[in-house]
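Breakdown of the fold
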Amino acid sequence: MIRTILICLGIWGCAMPAMAIRVFIDFGDGGFKTTSPDPKGVHWNNAVWNGPGHTSPLSLKRADGQPIEARLRPIQPFFGGFTSGDNQQNLYPYNAGKDRWSLEKGKVEKAVIRFSKLSPSLKYTFAFFATRDAPIDFITRYSIGNQRVTLKANNNRNDRVWIKDVSPNRDGIIDVEVTIAGGPNGHLSVMEMTYVFPENQATSKANQPAPVSSAPKIEEAKSEIDEELAELGLDDEGNSQVFFILGIILMFLGAGVIGGSVWYLLKR
């Protein structure tokens, strides 16, 4: 734990965590678009179903409102957009859970949503949520490559499923397949896309996190030091003692280096 103190003595040398970027998408018929930003300050992308054969692309933005290059497009459309989600769902704003895109058995049993202009060097995680007030089961399967998950939508208030660590193809594309896994319909109300942007990786400007000033980094590093010291049972006085001791150690190390250099020069 002391290693954190030693590393953070040079604040600019502290390893800062990578930034997770989240994208929220509400699927529906347009009657219940999610307000953006919502009461929690989250910005939403509203994917509105515009009739049979709807394949128009949707440019996406991050949860903080910054636009990104990524786009969403239904390359194999759903049966339609509908309203009748569970009003008591607890995961998202009311409007996000109130509507959905749906499949119907015997008519349209499979749809494909394409995400394009992604970074092939990043890995993406997708969360799926669907809800519907109903006394019978509506089970939907979501697939990306060989990863598959299923979700029961009827009266769903708290459950969502994830497909993690997906790499786009060389063209920056990920296709999400949605199919009926049980019951007469399949549903998709909300999708989240998350990816982690490493600070030392160069990507397009639109996919980068918003600029962050130095002050929050210093405060975060200081907070980490305080937490480490608290675990050691050190109070503010203890902090001073630790840094005093470390200062003396560093002073002697510096003196040793200087002395060694002088001795070497004299030997020559």
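Residues numbered from 1 in each chain as written. Predicted model: local features only at pLDDT ≥ 70, side-chain atom pairs only at ≥ 80, totals over all residues. Heavy atoms only, no water.

Focus on the overall build of the protein chain
The condition that has to hold: Helix and strand labels come from DSSP, where a helix needs a run of H or I of at least four residues and a strand needs a run of E of at least two; each type is numbered from the N terminus. Only protein chains enter the accessibility calculation, which uses a 1.4 Å probe. A residue is then buried if its area is under 20% of the maximum for its type, exposed if over 50%, and partly exposed in between. Whether two residues are in contact is decided by their heavy atoms, any of which lying within 4.5 Å being enough. Surface accessibility in these figures is a Shrake-Rupley result with a 1.4 Å probe; residues are shielded only by whichever protein chains are displayed.
Scanning the protein chain from terminus to terminus reveals 4 helices and 14 strands. Scored against the burial criterion, the 268 residues of the protein chain give a buried share of 38%. Taking the contacts inside the protein chain whose residues are at least 6 apart along the sequence as the reference set, 68% of them involve residues at least 24 apart. Surface summary for the protein chain: the accessible area is close to 14600 Å², and the carbon and sulfur share equals 54%.

Some points on the nonpolar core
Just so we agree on the cut-off: For this analysis, a nonpolar core means a set of buried residues of the types Ala, Val, Leu, Ile, Met, Phe, Trp, Tyr and Cys, connected via side-chain atoms within 4.5 Å.
Counting 41 residues, the largest nonpolar core has Phe 115, Phe 126, Phe 128 and Met 193 as the members making the most contacts within it. Not counting residues within four places of it along the chain, the set of residues in contact with Phe 115 comprises Ile 25, Leu 60, Arg 71, Leu 72, Phe 126, Gly 172, Ile 173, Ile 174, Val 176, Met 191 and Met 193. By size, the runner-up hydrophobic cluster in this structure holds 8 residues, among which are Phe 24, Val 42, Ala 63 and Val 190.

Quick word on unusual backbone geometry
Look at the link from Ser 36 to Pro 37: it is a cis peptide, with omega at 0°. With respect to the helices and strands, Pro 37 occurs in the loop between β1 (19-28) and β2 (44-48). Even without glycine at this site, Lys 117 takes up a positive phi of about 60°. Relative to the elements of secondary structure, Lys 117 occurs in the loop between β7 (110-116) and β8 (124-129). You will see that Asp 165, though not glycine, has its phi angle at about 55°, which is positive. Checked against the element boundaries, Asp 165 lands in strand β11 (residues 161-166).

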